[in-house]
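Spelled out from the first residue to the last, the chains are:
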Amino acid sequence: MEFKKAKIVELKKKFDAIINKEENENVEFWYARDLQIQLGYTQWRNFLEVINKAIESCKNVGISENDHFAKVSKMIDIGKSAKREVEDYMLTRYACYLIAQNGDSKKEEIAFAQSYFAVQTRKQEIIEDRIKLMNRLEAREKLKESEKQLSKNIYERGVDDLGFARIRSKGDSALFGGLNTMQMKAKYGVKENRPLADFLPTLTIAAKNLATEMTNYNVTEKDMYGEESITGEHIDNNLSVRSMLNKRGIKPENLKPAEDLKKLERRVKNESKKMASNKLP
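The present account deals with the structure reproduced in this document. (Residues numbered from 1 in each chain as written. Predicted model: local features only at pLDDT ≥ 70, side-chain atom pairs only at ≥ 80, totals over all residues. Heavy atoms only, no water.)

**Some points on the packing of helix α8 (residues 202-221) against helix α9 (residues 227-247)**
Then, number 1: Contact pair α8 / α9: the axes reach a minimum separation of 9 Å and the direction vectors enclose 140°. Between α8 and α9, the angle falls in the class oblique. At the point where α8 passes α9, the crossing takes the right-handed sense. Contact residues: α8 offers Leu203, Ala207, Leu210, Ala211, Thr212, Met214, Thr215, Asn218 and Val219, while α9 offers Ile230, Glu233, His234, Asn237, Asn238, Ser240, Val241, Met244 and Leu245.
Then, number 2: Here the residues of the contact of α8 with α9 are counted per class, giving 10 nonpolar, seven polar and one charged. (Axes fitted to C-alpha atoms, helices over the stretch in contact; angles between N-to-C directions. Helix = DSSP H or I, 4+ residues; strand = E, 2+ residues; numbered from the N terminus. Parallel < 35°, antiparallel > 145°, perpendicular 65-115°, else oblique. Left-handed = near helix turned anticlockwise from the far one by under 90°. Contact = heavy atoms within 4.5 Å. Nonpolar A, V, L, I, M, F, W, Y, C, P; charged D, E, K, R; others polar.)

This is the structure in structure tokens:
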């Protein structure tokens, strides 16, 4: 269905006009009865069928419908100063998107809404991606700093760069249930010249950092010297972190690899630019 520019502007104004915001929170939502009118449904019972289909779609992808479809009651005027209580829903942008996807696509309002709420939903996904990226970058930076400090500490205690690489790999082997750094790279499909940590989920990066910080602390406190003693300390610390994770049912070597941190960073930057210029599909 093709829309003329004037029609797009008109429909966008109508949909923008029914956006609500929670007081004291920057959270947008829509009332189903407002949306019903803009989507061209005259009967609530017919629109309710679409809502129920949308709720099923939400369940089918493993998302809690309660997070997106909140049933509420409201009073409406029925004439001569009389009011009547009716059911309604508070809807997130994702809920509105699902409703549009399950509506009658022959209606031009539905066809427009599918694109309108898809853009809104994509914006939310980009924001979520950015938050995930920030969390991973923060964890990655902490690991870089702790490993840099460890390298400095052990260099002063008779261990060279090759020794540091061996210590770090044996620590990884302890953390990953016997798989050393190169074996984990092979498992995740990481090139030899790329850091394993750039492909680890945030939880695993944080686990590696904790073990490394423990090694840094004890190397200094116990005044340790030589590769052998420091290797034993780093292995023990990684085994301790692994044990803690295992008690919570987490095996680091079985976690799925995360998106390449460098690629994620580029993608979030590019999509943020597109979002700012309204060029998202």
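Continuing now.
**What about the packing of helix α3 (residues 44-60) against helix α4 (residues 93-102)?**
Then, number 1: At their nearest, the axes of α3 and α4 sit 8 Å apart, and the two run at 115° to each other. Here α3 lies roughly perpendicular to α4, going by the angle between them. Once α3 is placed against α4, the crossing between them reads as right-handed. Seen from α3, the contacting residues are Phe47, Val50, Ile51, Lys53, Ala54, Ser57 and Cys58; seen from α4, they are Tyr94, Leu98, Ile99 and Asn102.
Then, number 2: Tallied by class, the residues present in the contact of α3 with α4 amount to eight nonpolar, two polar and one charged.

**Regarding α8**
Then, number 1: In this model, α8 (20 residues) spans 28 Å end to end at C-alpha, consistent with the 28 Å of a helix rising 1.5 Å per residue.
Then, number 2: Positive backbone phi, approximately 50°, marks aspartate 223, located one or two places after α8. (Expected span 1.5 Å × (residues − 1).)

**Structural notes on the pattern of salt bridges**
Then, number 1: Evaluation of the coordinates by the stated rule reveals 16 salt bridges.
Then, number 2: Across the pair glutamate 28 and arginine 93 runs a salt bridge, and its minimum N-O distance is 2.6 Å. Within this pair, whereas glutamate 28 is found in strand β2 (residues 28-31), its partner arginine 93 is found in helix α4, the two being separated by 65 residues in sequence.
Then, number 3: Overall, glutamate 28 belongs to the partly exposed group, its relative accessible area being 22%.
Then, number 4: Judged by relative accessible area, arginine 93 falls into the buried class, the value being 19%.
Then, number 5: A salt bridge links arginine 194 to aspartate 198; the nearest nitrogen and oxygen atoms lie 3.2 Å apart.
Then, number 6: In this structure, a network of salt bridges that share partners links the residues Arg140, Arg194, Asp198 and Asp260. (Salt bridge = Lys/Arg side-chain N within 4 Å of Asp/Glu carboxyl O. Buried < 20%, exposed > 50% of the residue type's maximum accessible area, 1.4 Å probe, protein only.)

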